[in-house]
Amino acid sequence: MEGVSGIVKPEQTSGGDPMYEEGRKLYTEEINAAVRGAKAGGGTEIVVMDCHGAGGGWTFNSLVPELLHEDCEWVVQEEWTGYTEFLEQGCDAALFVGMHAMAGTQDGNMNHTVSGRDYQRLWFNGVEVGETGINAALCGTWGCPVVLVTGDQTACAEGEELLGDGLTTVQVKRGTGVQSGRSLVPSRAREAIEAGAKQALSDLNAVHPYDPGKPCEIKVEYKRTSPVDKLRYRVGVERLDARTIVSRGDDWWTAWKQFFF
């Protein structure tokens, strides 16, 4: 949700806050724009997955069902990165809408990684990543490339640096601080996303599926000591210091599952 045009404050993304209802609508309509673009680009089966943890019953359930475009189906998952059925069945491309930059990114509007309260930094085989990297690695586990990223200028730049210049990006706002930004009006942002989604699907070979490498080492630096205390006895997980763990596996998915779930 944080990378949607017009959303610049946490109160627009937190379930139950008065401004959240407006945020849900802005979010849903940018998703709809991507669905229209995907349809125009030749998509025959379009699955929408909400990856926003809004709190309570809204977690991974922020979309407004009655507003969703009729040419898609949508998934409400229990745990982030927990639902993989559509990837396992075979998915030609992934479109990332409403992305935000990793924690610590200058001018990244609402920049954070996973849980802003807990995570400080995250690395896959020595490469620092944010949520674009996590989701791209998840898709890449089943050979699905990420062909579109939308959000502010920092989210778009992060996607290009990780996935290459074949990635299509759509900048719908310019972050000027963690809770400030200059946005396109929603109608213009949606037009740009629709066009970007159609363009992204015109060449499914423009971006290779993202694989952090095999074997894979995931290092997480937390802001506090308690998350590390809870993970110190997990098989495959090593505590490096009071706030840092490393999870090692034969591949990314194995290393991720060892500590995240």
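Nothing here was measured: the structure is a model prediction, and the numbers come from that model.

Quick notes on the rules
Residues numbered from 1 in each chain as written. Predicted model: local features only at pLDDT ≥ 70, side-chain atom pairs only at ≥ 80, totals over all residues. Heavy atoms only, no water. Helix = DSSP H or I, 4+ residues; strand = E, 2+ residues; numbered from the N terminus. Expected span 1.5 Å × (residues − 1). Buried < 20%, exposed > 50% of the residue type's maximum accessible area, 1.4 Å probe, protein only. Arc of directions from axis to C-beta. Pairing = 2+ DSSP bridges. Disulfide = S-S within 2.5 Å. Axes fitted to C-alpha atoms, helices over the stretch in contact; angles between N-to-C directions. Contact = heavy atoms within 4.5 Å. Salt bridge = Lys/Arg side-chain N within 4 Å of Asp/Glu carboxyl O. Phe/Tyr/Trp six-rings, centres within 6.5 Å; stacked < 30°, edge-to-face > 60°.

### Considerations on helix 5 (residues 186-200)
Argument step 1. With 15 residues, helix 5 extends 21 Å from end C-alpha to end C-alpha; this agrees with the ideal 21 Å at 1.5 Å per step.
Argument step 2. Ala189, Ile193, Gly196, Ala197 and Ala200 are the residues of helix 5 that are buried. For helix 5, the arc enclosing every buried residue in end-on projection is 100°, short of the 170-degree limit, so these residues lie on one face. Across from the buried face of helix 5, at angles greater than 90 degrees, the exposed residues are Arg188, Glu191 and Gln199.

### Let's talk about helix 1 (residues 20-40)
Argument step 1. When the terminal C-alpha atoms of helix 1 are compared, their 30 Å separation across 21 residues agrees well with the 30 Å that a helix rising 1.5 Å per residue should span.
Argument step 2. Just beyond helix 1, the residue with positive phi is Gly42, at close to 105°.

### Digging into the pairing of strand 10 (residues 237-241)
Argument step 1. Of the strand pairs in this sheet, strand 10 and strand 11 (residues 244-249) are connected by four bridges, and their pairing is antiparallel. Residue pairing for strand 11: Arg239 is matched across the bridge by Ile245.

### Here's the deal with the sheet that holds strand 9 (residues 216-222)
Argument step 1. Pairing is antiparallel in the open sheet, where five strands are placed in the order 5-4-9-11-10. Two strands bound the open sheet, and with one partner strand each, they are strand 5 (127-128) and strand 10.

### Let's talk about the state of the cysteines
Argument step 1. For the coordinates displayed, the defined rule picks out zero disulfides.
Argument step 2. No disulfide involves Cys72; its nearest neighbouring cysteine sulfur is the one of Cys91, lying 13 Å away.
Argument step 3. A relative accessible area of 12% means that Cys72 is categorised as buried.
Argument step 4. This cysteine, Cys216, is not joined by any disulfide, and Cys139 carries the nearest cysteine sulfur, 15 Å off.

### Digging into the sheet that holds strand 8 (residues 180-183)
Paired through their backbone hydrogen bonds, the strands of a sheet run either parallel or antiparallel.
Argument step 1. Taken in spatial order, the four strands of this open sheet run 3-6-7-8, and their pairing is mixed. Edge strands, defined here as strands with exactly one partner in the open sheet, are strand 3 (94-99) and strand 8. Looking at each pair of strands side by side, their axes are set apart by 25° on average, direction ignored.
Argument step 2. Of the pairings in the sheet, the one linking strand 3 to strand 6 (residues 146-152) comprises four bridges and is parallel in character. Paired with Phe96 across the two strands is Val149, which belongs to strand 6.
Argument step 3. Sheet strands touched by helix 3 (residues 131-141): strand 3 and strand 6. Its angle to strand 3, the strand with the most contacts, is close to 160°.
Argument step 4. Sitting on the sheet, helix 5 is in contact with strand 3, strand 6 and strand 7 (168-177), with an inclination near 140° to strand 7.

### Things to note about the pattern of salt bridges
A side chain of one charge can pair with a side chain of the opposite charge if their charged atoms are brought near each other.
Argument step 1. Per the counting criterion, the structure on display carries nine salt bridges.
Argument step 2. Put simply, Asp211 and Lys214 hold a salt bridge, and the shortest N to O gap is 2.6 Å.
Argument step 3. Put simply, Glu217, Glu238 and Arg248 are held in one network by salt bridges that share partners.

### Remarks on the packing of aromatic side chains
Argument step 1. Applying the stated criterion across every chain, the model contains 14 aromatic pairs.
Argument step 2. Centre to centre, the rings of Trp142 and Trp253 are 5.6 Å apart; their planes meet at 70°, and the pair counts as edge-to-face. Here Trp142, found in the loop between helix 3 and strand 6, pairs with Trp253, found in helix 7 (residues 252-260); they are 111 residues apart in sequence, far enough to count as distant.
Argument step 3. On the accessibility criterion, Trp253 (14% relative accessible area) is buried.
Argument step 4. Judged by centre distance (4.5 Å) and plane angle (25°), the ring pair of Trp256 and Phe260 falls under stacked.

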